[in-house]
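# Coordinates in review
Chain by chain, the residues:
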Amino acid sequence: MRKFQVVSEYEPSGDQPEAIKKLVDGVLRGDKYQTLKGVTGSGKTFTMAKIIEAVQKPTLIISHNKTLSAQLYREFKRFFPNNAVEYFVSYYDYYQPEAYVPARDLYIEKDASVNEEIDQLRLAATYSLMERRDVIVVATVSCIYGLGMPDLYKEMRVHVEKGESIELSQIARKLVSLQYTRNDAVLERGKYRIKGDTMEVFPPYMETDQAYRIELDFDEVSKITRFDVLTGHKVEELDETQFYPAKHFVVPEEMLKESTEKILKEMNERVEELKAQGKLLEAERLKTRTTYDMEMLNEMGYCSGIENYSGPISGRKTGEPPATLLHYFPDDFLCLIDEAHVTVPQIGAMYEGDRSRKQNLVDFGFRLPSALDNRPLKETEFTKKMNQVIYVTATPREQEIKKSSQIVEQLIRPTGLLDPIIEVRPSEGQMEDIYKEVRKRIEKKERSLILTLTKKMAEDLTEYLSDLDLKVKYIHSEIDTFERVEILKGLREGEFDILIGINLLREGIDLPEVSFIAILDADKIGFLRSTTSLIQIIGRAARNENGTVVMYADRMSDAMKEAVTETQRRRKIQQEYNKAHGITPHTISKAVEDILIRQKKDAEENAETELSVLKKSANLFVASQRHKLITALKKEMMEAAERLEYEQAAAIRDEISEIEKTYGK
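Residues numbered from 1 in each chain as written. Predicted model: local features only at pLDDT ≥ 70, side-chain atom pairs only at ≥ 80, totals over all residues. Heavy atoms only, no water.

## Concerning the packing of aromatic side chains
Evaluation of the coordinates by the stated rule reveals 16 aromatic pairs. Taking the centre distance of 6.3 Å and the plane angle of 80° together, the rings of phenylalanine 76 and phenylalanine 79 count as edge-to-face. With a gap of three residues between them, phenylalanine 76 and phenylalanine 79 both fall in helix 3 (residues 66-79), about one helical turn apart. By relative accessible area, which is 0% here, phenylalanine 76 ends up buried. By relative accessible area, phenylalanine 79 is classed as buried at 14%. Following the ring pairs from residue to residue traces out a cluster consisting of Phe4, Phe46, Phe76, Phe79 and Phe80. The positively charged end of lysine 279 is found above the aromatic ring belonging to phenylalanine 364, 5.7 Å away from the centroid. Over the face of the ring belonging to tyrosine 33 we find lysine 403, whose NZ or CZ atom lies 4.9 Å from the ring centre. (Phe/Tyr/Trp six-rings, centres within 6.5 Å; stacked < 30°, edge-to-face > 60°. Helix = DSSP H or I, 4+ residues; strand = E, 2+ residues; numbered from the N terminus. Buried < 20%, exposed > 50% of the residue type's maximum accessible area, 1.4 Å probe, protein only. Lys NZ or Arg CZ within 6 Å of the ring centre and 35° of its normal.)

## Comments concerning the sheet that holds strand 20 (residues 421-425)
The strand order 20-25-24-21-23-22 describes an open sheet built from six strands, whose pairing is parallel. Where the open sheet ends on each side, the last strands, each with one partner, are strand 20 and strand 22 (472-475). This sheet shows a mean twist of 20° between the axes of neighbouring strands, independent of strand direction. Note: strand 21 (residues 447-451) against strand 23 (residues 498-501), four bridges, orientation parallel. Paired with leucine 449 across the two strands is leucine 499, which belongs to strand 23. (Pairing = 2+ DSSP bridges. Axes fitted to C-alpha atoms, helices over the stretch in contact; angles between N-to-C directions.)

## Description of unusual backbone geometry
For glutamine 56, which is not glycine, the phi dihedral falls at a positive 55°. By the element assignment, glutamine 56 lies in the loop between helix 2 (44-55) and strand 2 (59-62). A positive phi is found at aspartate 469, a non-glycine position, where the angle reads about 65°. Its location among the elements puts aspartate 469 in the loop between helix 14 (455-467) and strand 22.

## A closer look at the sheet that holds strand 14 (residues 221-228)
Taken together, six strands build an open sheet; the order of strands is 10-11-12-13-14-15 and the sheet is mixed. The sheet terminates laterally at strand 10 (181-182) and strand 15 (234-238), the two strands that pair on one side only.

Below, the structure is given as structure tokens:
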């Protein structure tokens, strides 16, 4: 078995070695839950990689959105070039779920644009889990949604061996049952072709563009070759190979016949039930839709919306959890949940939202009651499926803390930078005080952030400070998407000195030039002034050696007390470490232009995975496909912008411009 091996020019430093040792010891002694509590900039991702290398377990890493997942996927690919690092996210470029709105008698049909390349990456993830143990899968919460059954997926594979007596027509029939289709003209993913006594098969889960060639000599397999689809060059000759299904929802023919009978029986019972309730329209609707789907299943082995019948097809009892990506992992796997304070609540919220939408479809005859079993896992089911978990976050919630056998802190930054100094000052006279503080920073050529609670206050404060001859701008959700990027760059380059906003946490870049942060109405109760939010806001000033945060309030709220206490505790530990090791913290001294270029490069690399996936799915010389690609890219761009990840949005915008310039609009 191939071992996990981290390839990096860096070695663990600061408190990384101790954090790695404690967490590895916890995994090896069987602790179910642990927490890595690491401050921003302390190298949590590298720590995660070293833990995987030490424990040698197949690992699932869950993040709360596609962008962070893409970034983690890229980083782990770099750390583990010799192991299987896979990417499992939703394969929809666009997704409008099926729904019914009774109040308006409005049925919304499912409308989706499936990204074939991401589908291939999902298949590659399950394929790797079937074939090897040195697997890391970076996923979003889509990993808790229903997937094909792993036992069937493995059982239905087609095995071909050199010297075996078989006809090509037999292999072809088996491949068709796995949802492969024949195309003798062009060999594409999920297709096969036959020329004389030679068959070529291109599995959809191959990471590179490589397919298999099977040559027969009088009904005996004489040669099996893996080759490059584009060049036709032989990669290697094999003694045997096997082909896994082209889709996750695939079942044997005999099982399919049994399940269609079950579904039709359920349909008849439900139709009678609806008629008894006087719902004749709903009964007829359900009968028509289900009968058509069953005809498609019997003829093609597949139908649109087959996932809605996954319960009866798989033989699950009503209410039983579906098979998911988690079920493809061996029992001893390790799960790392990144940004756990956001990801864990997201996992818990998936089931209820899905259930309420589907209940309407069932009540009004659009779906059978068994469609409710096509669902994400409940939080309790997810927990039950977990073997060992490490929560990774800077601000763990009480729930994670209570569950964890140990909270391992990682507080030391490789740069030696400290958490900022915190002061609490009365709100009376706050404007004059802020004016004095920002003036001090302007003289030192440093920048300031001011956080308000409302957009109106941000605008009024900007006007007030502008009248005092200060260079200031505000930023909030009504600002044009790409103007936000320019505003942030302007702050860093010194075009203005003060940035005012409501939630500057979500801006997609670090601001090492910022040495002063003013938090207005710090004592107000709400999510913008919760302990977690305050600690994260304070962390904004931790990139500068002179970082100072002033909270303006008339009282000390519980959230303020906790945030101040925690920051002071961290700062003391960091100071003691620096003193013991002779480290003098310094703000990163790169030119702003260099930093901006680096950040632009990071954004481009973060977007690279999803962009390359989209681009590979289209022939740019065909106008219709080019239009479809550009539409999909624009959607990705706007989604990135809505998440306030502006550097990534700008990278996608540049990609669109390059395509239009090279191939035409």
